[in-house]
Structure formats: C-alpha cells, structure tokens
Amino acid sequence: MGLVSRGAAAAGLGAASAVVRPGPPDAVPHPIPTPPPESAALGSSRMPGMVLKAFFPTCCASADSGLLVGRWVPEQSSAVVLAVVHFPFIPIQVKELLAQVHQASRVGLAVLGTWCHRRQETEESLGHFLEGLGAIFSHEPWLQLCRERGSKLWSCKATRRQVPPHPGAPYEDQVMLVFYDQRKVLLSQLHPPAAVPDRQAGDATASAGGLAAVFDTVARSEALFRSDRFDEGPVRLSHWQSEGVEASILAELAKRASGPICVLLACLLSLISAASACRVFKLWPLSFIWSKLSVCEQLRHRLEQLTLVFSTQKAENPTQLMRKANVLVSVLLDVALGLALLSWLHGKDRIGQLAEALVPVADHVAEELQHLLQWLMGAPAGLKMNRALDQVLGRFFLYHLHLWISYIHLMSPFIERILWHVGLSACLGLTVALSILSDIIALLTFHIYCFYVYGARLYCLKICGLSSLWRLFRGKKWNVLRQRVDSCSYDLDQLFIGTLLFTILVFLLPTTALYYLVFTLLRLLVVAVQGLIHLLVDLINSLPLYSLGLRLCRPYRLAAGVKFRVLEHEAGRPLRLLMQINPLPYCRVVHTYRLPSCGCHPTHSWGSLCRKLFFGELIYPWRQRGDKQD
C-alpha cells in the first residue's frame, strides 16, 4: 500500500486503492494558516464569504486527527459533524461506509473536511498534509478544523475552490463553531416552538428549521454509531459510543423474550375483545348494565390500554413510543396500587369490619332521612306549606324509604361476601376498585336518586306549566314546528281556565320547590363524592408518568429548544458556542403527553348547571358520554 502525499492527493492519484497515512514532519514547511479576521483587506489572497455554522460533537474534541464525517444542510448553511475517521484508512472504504449508512438511514452523509488535533510538536506539519485530502473527498465548502497544542485555542476555516471571486484565490467562508452533546441530542425529542412558553432572557434561540435539521440528522444516523474504535473493520470512528456499544445482558434477554410474550398476550386480548363484542352482551339487560356501570367503562378502557401496550406493531414515531411507555407505566402503577389495597383489605379482617359497619351506617342515614321528611311535613323554617300536598309527598317518600331499609336488611347477610369479591377485583388495578366503589355508592344511594328524580320531574312540570300559562296571559304561544314564540288570540273561557290553573300552580309551587331543593342538595352531595372518585380514576388513567419521570431524571430527553453559551469570542478566532438543551416545562409535558381517559370529564359549566337546576332538568355532571338520557 502506497503513501499518498499532498501532491498526489491534489492530483487525485491513488484515490481508490491507496492507504492514507499522515506524512512525515518535514514534508510540509508551515502549519495551517489561521482564517483572516472579518476586517480583512480586499487585496488579500482569500476573500471572506458567508457565515456558516459547524456543529461539532464535544466527544470528538480529544479525538485523533482524521476526517470529519457528517451532513451538509444547505438551507441553513450548516455542517453537522457526526464522527471523525482516523488514520489509516482507504478512501473507497470510507465512501462504502457512508453509502451503507445512507441506505440504512436515508441520510446523505459526506466527508465535510479534516480534523487536526496537535498533540506534539512533531505534528505541527500535519495540517498542510490534510489540506490535500480535499481533492479525494470533494465537498463544497471544505472544512478545516484544528485544535492548538497545549491550549484551548481553535482554528477553523471553510474554503470553496469553485467559482472564486478572483482567479486563483480560494473563496473562504467565516465559520461559527457550535459544540453539542451528541448523546443528548440523539436521545432527545425536539418539540415544536409553539409548545414553548416564554423564552428565557439572554438565551440565543436558533430557528426551528435549523434545530430540526440538526436533531433529525443525529437521530437518523444511528447506523453510523454502531461501529466504534475497537472494531476490527477497515474504518475506525470516534463518536459518542467510541468506547464501546452500551449493552446489558438483562436488557438483551428482555428484548428477546418480549416478542413471544407480546404475541401470546395480543392473541389472548383479541379473544377477550371478540367475546365482549358477542351479540349476547348486546341484549337488553346486559347492554343496559354495560352502559351504566362505571366498572364496565373502566374495564373497556383497560382492555384498550393493554391492546395498545402488547401490540406487535412497531411504533412509527417517538410520539407513539412515548404513548406506549406512558400507558405501560400507568397500568403497572395502577396494578401496584391495587395490590397494595388488596393486601390492606385482607389483613386483620378489615373486610369483615367494613361489612359489620356498613348496615348500621345505612340505618343511620335512613333515620336521618326519615327525620328530614317529618320536618318537611310540618312547618319547615316557619314556612306556610300546602298541607294536603305536603302530606301526600311526605308519605310517598316515607314509603320509599321503608322499602329501601327493608332492602338493606335483606342484603345484609351477603354484604361481606360482596365486599370480599370487590376487594379481590383490586388485583386488576386501583381504578377498577374505585369504579366498583362508585357503583356501590350509586346503589346504596338509589333511594336518594329516586327522591331527586320525583321532585325534579314534579318541579319541572310546574315550571313548564307556569311558563306556558304566562305566555297565555300575554297572548303568546309556543310554536312547536318552528321552535319559536308566536302571537295567538284566546277566547274568554281559555283565559279563565288559564288564570285558574296559574293560581293553583303558583300556590303549590313553594311546597314542591322545597322538596325539590332538599333532595337536589342530597343528590349533589352524592354526585360530588362520585365526581371525586371519577377524577381520581381519570388522573391515574391519563397522567403521563413515564414522561414526567423522564423530565425529572433526564430532562434533555424532552427538548423544548436550545440555548447557546459563548465559549470564545476573540478577534481572528472563530466564534465558539456551546449548545445546551432547554427541557420542556412540566405543564407542557402533561399537556403534550396526556393519555386519553375513559370519559369522566365534567360537561357542564357553572352557568348551564345552575340553569338546569333552576328549571328542574336532570343532571349527570361527571359523565362525558351521551349514553345516559333524562
């Protein structure tokens, strides 16, 4: 194998088969010249051009001399350096490696220039030898980076040999050197600038297109990082994994075992989904129960989560991968909390204690309701009520209350076994246990719900009657077809009947309104308790715990942007900056990666809620789906 000198390299001789080695110290009489300052005279031999940015990985700052491999982004006038190729190397093998990386990652890589790290005095002449490699690896512009021996001074220049402004004078660009942490940029995910709140003062923020190009280049060039300087291949590289590929035996075993396990669980979940979609469950009693119980909604949502986690389809982008990880962590935390609850319930016979305390509590609630009804049947707060209507309503509600007490005592022998099965369901997750608790509260307060529905319907009927009779007095009527109020002429008999009915409804309204007010307050108390339970379930289902853990432990993984810190700014030297990643704020992490819930968000504003309460409409403020009808 021959030695390619500077003259041979400039003439293009032996570019395909020769081994490139650094020449002897006395081959070049002078080192690399430093780039001229911005105020260079017009008569100088090199003409200043545009300002380009060279992104250089910090892990290569101590690498040996060689070639700079990376990607040129012409839209941003930026050069993203990915690795350094060390001597000795064969040029055609370097080109074959870049072609393989391009085929695997669809990223057009090229040799951008040369890198000279002067460690000893005998290497000072190496820079002039490296200039000749531009004839073998032709690239415009051609970067020449050099680190001075025993100091922190850097020299960097970019020359163009095509179309010079003066004949025989290379066209030289001004270079701004930007250092970046290759590992952090590779593992991070850049979010759009619209998701970033107020920018910090004093931070120089790059454009979105340039940042996206840098992050995308490093992320898609992972195939280049699979080879390190310990490989026995023809090309030795320096990059963020130059010390060896990070690996773990447990991680490799988990990767190999996850495939068959996911296939098995995916088949099992598909069978469960097919069984749940059977026509038997769509018959009237089962379909009614399936649509009304909260535990059925949570089980359906849990089945969708497990189907997503154990799907054999590979995630197409980092967002889907992050969603899978968030769902997996959420399910694992839910199951862990459920097992902790199960352990607490079955310890020290707490289920038996709860069963023994449940019936006395139900009796106490029934007694308090009975006292409340007796108070309403008298003169509550000194109000003059319609005694006949008051007695009818009071006895009607007392009869329902006695039926409820009989039902509770009839179910008392089976309460402990029911609670035991409810506690056993906690192994499916804390959210399942909380959903069952919400359904149990709904069943135990079913008599309050009935009282509320009776009072609301009676109150709504009177409000509608009063509004219709009020339109009669004004010579108006409601047009059902056009959905508007039109003028209408009434005869004397109609006005007399309307006046009589309006008077009766006005005098009966206070009694009905008082019963409606009391039972609405009780109903709102139950709804508030159920709403808190549903909010807790929704919090566990939708909170992106994995993303929050990444933001806490490795904030660079979720990038909102970058900021630059000035390392060196001297006349005659390239401007050197350090690119640092700005992490995404916690509120943006929750907003961006929030998981879909099972539909427990309140749908009523305070205004609409008060309007419905005033007109006696039934409310379900903790439901999002429209499956419950008035």
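Calculation rules
Residues numbered from 1 in each chain as written. Predicted model: local features only at pLDDT ≥ 70, side-chain atom pairs only at ≥ 80, totals over all residues. Heavy atoms only, no water. Helix = DSSP H or I, 4+ residues; strand = E, 2+ residues; numbered from the N terminus. Buried < 20%, exposed > 50% of the residue type's maximum accessible area, 1.4 Å probe, protein only. Axes fitted to C-alpha atoms, helices over the stretch in contact; angles between N-to-C directions. Parallel < 35°, antiparallel > 145°, perpendicular 65-115°, else oblique. Contact = heavy atoms within 4.5 Å. Nonpolar A, V, L, I, M, F, W, Y, C, P; charged D, E, K, R; others polar. Left-handed = near helix turned anticlockwise from the far one by under 90°. Salt bridge = Lys/Arg side-chain N within 4 Å of Asp/Glu carboxyl O. 1 Å grid on protein atoms, 1.4 Å probe; cavity = no way out; pocket = protein on both sides within 12 Å on 5 of 7 lines; lining within 4 Å. Points joined across faces, edges and corners; volume = space filled by probe spheres on them. Core = buried A, V, L, I, M, F, W, Y, C linked by side-chain atoms within 4.5 Å. Pairing = 2+ DSSP bridges. UniProt positions renumbered as here; feature names shortened; annotations may be inferred. Phe/Tyr/Trp six-rings, centres within 6.5 Å; stacked < 30°, edge-to-face > 60°. Lys NZ or Arg CZ within 6 Å of the ring centre and 35° of its normal. pLDDT = per-residue confidence, 0-100. Patch = residues over 30% accessible without salt bridge, like charges linked within 9 Å, V, L, I, M, F, W, Y side chains within 5 Å. Areas by Shrake-Rupley, 256 points an atom, 1.4 Å probe, with all protein chains shown as cover.

Attention shifts here to unusual backbone geometry. Phi is positive for Ser-77, which is not a glycine, with a value near 55 degrees. Position of Ser-77 relative to the elements: it lies in the loop between strand E2 (66-73) and strand E3 (78-86). Residue classification places Ser-77 among the buried positions, given a relative accessible area of 17%. Not every positive phi belongs to a glycine, and Arg-106 is a case in point at roughly 60 degrees.

The next thing to look at is the packing of helix H8 (residues 294-309) against helix H15 (residues 492-542). Put simply, H8 and H15 touch, their axes get as near as 13 Å, and they point 5 degrees apart. Here H8 lies roughly parallel to H15, going by the angle between them. Along its contact with H8, which presents Ser-294, Gln-298, His-301, Arg-302 and Gln-305, the element H15 presents His-534, Val-537 and Asn-541. A per-class count over the contact of H8 with H15 returns one nonpolar, six polar and one charged.

What follows covers the packing of helix H11 (residues 387-411) against helix H14 (residues 446-473). The contact between H11 and H14 brings their axes to 9 Å, and the two run at 155 degrees. When the axis of H11 is compared with that of H14, the two are roughly antiparallel. Crossing handedness for the pair H11 and H14: right-handed. Residues Leu-389, Leu-393, Phe-396, Phe-397, His-400, Leu-401 and Trp-404 of H11 touch H14, and the partners they reach there are Phe-446, His-447, Phe-451, Tyr-454, Leu-458 and Lys-462. Taken together, the residues of the contact of H11 with H14 sort by class into 10 nonpolar, two polar and one charged.

As enumerated under the stated definition, the model contains six salt bridges in all. Measuring nitrogen to oxygen at the nearest pair gives 2.9 Å for the salt bridge that ties Asp-216 to Arg-220. Taken together, the positions of Asp-216 and Arg-220, both in helix H5 (residues 208-220) and four residues apart, correspond to about one turn of that helix. Look at Asp-216 and you get partly exposed, because its relative accessible area is 30%.

Now for the layout of surface pockets. A water-sized probe, rolled over the atoms, reveals where empty space remains. If you add up the space inside the second largest pocket, you get close to 830 Å³. Lining the second largest pocket are 28 residues, and of these Leu-358, Leu-437, Ile-440, Ile-441 and Leu-444 lie nearest its centre. Examining the composition of the lining of the second largest pocket, we find that seven residues originate from one element, helix H10 (residues 350-376), more than from any other. Considering only residue class, the lining of the second largest pocket consists of 25 nonpolar, three polar and no charged.

Here the focus is the nonpolar core. If you look at the biggest cluster of nonpolar residues, it comprises 41 residues, and the most contacted ones within it are Leu-224 and Met-579. Among the elements of the structure, E2, E3, helix H2 (91-105), strand E7 (171-180), helix H4 (182-187), H5, strand E12 (558-568) and strand E13 (575-583) are those that each provide at least two residues to this core. If you tally residues by element for this core, the top one is H5, at five residues. Once residues within four sequence positions are removed from consideration, Met-579 is found in contact with Phe-55, Val-178, Phe-179, Tyr-180, Val-185, Leu-211, Val-562, Lys-563 and Phe-564.

The subject of this paragraph is the pairing of strand E5 (residues 142-147). Strand residues, when the strand is regular, have side chains that alternate between the two faces of the sheet. Within E5, five of the six residues are buried, leaving the element largely enclosed by the surrounding structure. Inspection of the sheet shows strand E4 (residues 110-117) paired to E5 by five bridges, in the parallel sense. If you follow Trp-115 over to E5, its bridge partner there is Leu-145. Pairing geometry for E5 and strand E6 (residues 154-160), over six bridges, is antiparallel. In the sheet register, Leu-143 faces E6, and the bridge partner there is Ala-158.

Looking at the element boundaries, Lys-563 is found in strand E12. As for Lys-563 and Leu-577, which are separated by 14 residues in sequence, their C-alpha atoms are 9.6 Å apart.

Per the UniProt record, "transmembrane region" (unreviewed entry) is found at residues 327-345, 392-410, 422-445, 494-518 and 524-548. With 100% helix and 0% strand, residues 494-518 has its two end C-alpha atoms placed 35 Å apart. In this annotation, residues 524-548 is assigned 92% helix and 0% strand; the end-to-end C-alpha distance for the span is 35 Å.

Let us now look at the packing of aromatic side chains. All chains considered together, the criterion is met by 15 aromatic pairs. Ring-pair connections join several aromatic residues into one group, and the members of that group are Phe-396, Phe-397, Phe-451, Tyr-454, Tyr-515 and Phe-519. In this structure, Arg-551 packs its charged tip against the face of Tyr-586, placed 4.5 Å from the ring centre.

Mean pLDDT over the protein stands at 77; residues scoring 70 or higher make up 77%. Note that residues 1-20 has pLDDT below 50 and, in this model, 44 contacts with residues that lie over four places away or in other chains. Considering only residues more than four positions removed or in separate chains, one finds that residues 22-47, a stretch of pLDDT under 50, has 44 contacts.

With that out of the way, let us pick up a nonpolar patch on the surface. A surface patch of nonpolar side chains, about 480 Å² in accessible area, is lined by Phe-496, Ile-497, Leu-500, Leu-501 and Ile-504. Considering the arrangement of structural elements, one finds Phe-496 in helix H15. With a relative accessible area of 56%, Phe-496 lands in the exposed category.

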